[in-house]
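Observations on the model geometry
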Amino acid sequence: MSITKHAKQRISKRRISKEAIEICLKYGKKLHRTGLILISLTKKVINKYNLEPDLEGINVLISVDNVIITAYKNKNKISQFKKLTKFKAKNQKLRLCSA
């Protein structure tokens, strides 16, 4: 799986280890929305696979082309991502493009 320059910078800046990213990709919960895939290490996943509790909340955002776009740590992000609809995402992309 390839990784963007932006993702490398963010992962480094946010002090997320490569091992944590690999664990997230292997065990994380996948959500498909608006041409993106969010893989998240939730509390349930951590407990199910007996992973380190410090890994909870790691999220990796992947494009449909299997390119890692970014990674971050936020325990509540998965619930926000679930609520995102295609309509909202298109409007957000339009706002970002026109800015």
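Sequence order as written defines the numbering, with residues in each chain counted from 1. Predicted model: local features are reported for residues with pLDDT of at least 70 only, side-chain atom pairs are reported and counted for 80 or more only, and whole-chain, interface and lining totals are derived from all residues. Where side-chain values are given, they derive from all heavy atoms of the structure, hydrogens and water being excluded.

Another point: the sheet that holds strand E2 (residues 29-33). Strand pairing in a sheet takes place through backbone hydrogen bonds and is either antiparallel or parallel in direction. In this description, strands pair whenever DSSP reports at least two bridges between them. Secondary structure elements are defined from DSSP: runs of H or I of at least 4 residues count as helices, runs of E of at least 2 residues count as strands, and each element is numbered from the N terminus. The five strands are arranged E1-E5-E4-E3-E2 in an open sheet whose pairing can be described as mixed. Two strands close off the open sheet at either side, each with one partner strand: strand E1 (2-3) and E2. With two bridges joining them, E1 and strand E5 (residues 67-73) adopt parallel strand pairing. In the sheet register, serine 2 faces E5, and the bridge partner there is valine 67. Seen against the sheet, helix H2 (residues 18-27) touches E2, strand E3 (36-40), strand E4 (58-63) and E5 and runs at an angle of roughly 70 degrees to E4. Two residues qualify as a contact provided that any one of their heavy atoms is within 4.5 Å of a heavy atom in the partner residue. A fitted line through C-alpha atoms represents every axis, and for helices the fit uses only the stretch in contact; the resulting angles, taken between N-to-C directions, go from 0 to 180 degrees.

Moving on: the pairing of E2. When E2 meets E3, the two strands line up antiparallel, connected through five bridges. Looking across to E3, one finds that lysine 29 is bridged to serine 40. The antiparallel pairing of E2 with E3 creates a hairpin that spans two residues between the two strands, and threonine 34 there sits at a positive phi of about 45 degrees.

Right, let's talk about the environment of glutamate 22 for a bit. Tracing the chain through its elements places glutamate 22 in helix H2. When the C-alpha positions of glutamate 22 and valine 60 are compared, they lie 9.9 Å apart, and in sequence the two are 38 residues distant.

Let us now look at the nonpolar core. Take the buried residues of types Ala, Val, Leu, Ile, Met, Phe, Trp, Tyr and Cys, join any two whose side-chain atoms come within 4.5 Å, and each joined set is a nonpolar core. Each residue is assigned to one of three classes by its accessible area relative to the maximum for its type, calculated with a 1.4 Å probe on protein chains only: buried under 20%, partly exposed between the two thresholds, exposed over 50%. If you look at the biggest cluster of nonpolar residues, it comprises 18 residues, and the most contacted ones within it are Ile16, Ile21, Leu41, Leu55, Ile58 and Val60. Of all elements in the fold, only helix H1 (5-13), H2, E3, helix H3 (43-48), E4 and E5 reach the threshold of two or more residues within this core. Discounting residues that sit within four places of it in the chain, isoleucine 58 has contacts with Ile16, Ala20, Cys24, Ile39, Ser40, Leu41, Tyr72 and Lys73.

Before going further, it helps to examine the pairing of E4. Taken across its six residues, E4 has six buried, putting it largely inside the fold. Going residue by residue along E4, you find Ile58, Val60 and Ile62 tucked away on one face and Asn59, Leu61 and Ser63 tucked away on the opposite face as well. As judged from the five bridges shared by E4 and E5, these two strands associate in the antiparallel manner. From the neighbouring strand, isoleucine 58 faces E5, where its bridge partner is lysine 73. In sequence, E4 turns back onto E5 through a hairpin of three residues, with asparagine 66 there showing a positive phi of about 60 degrees.

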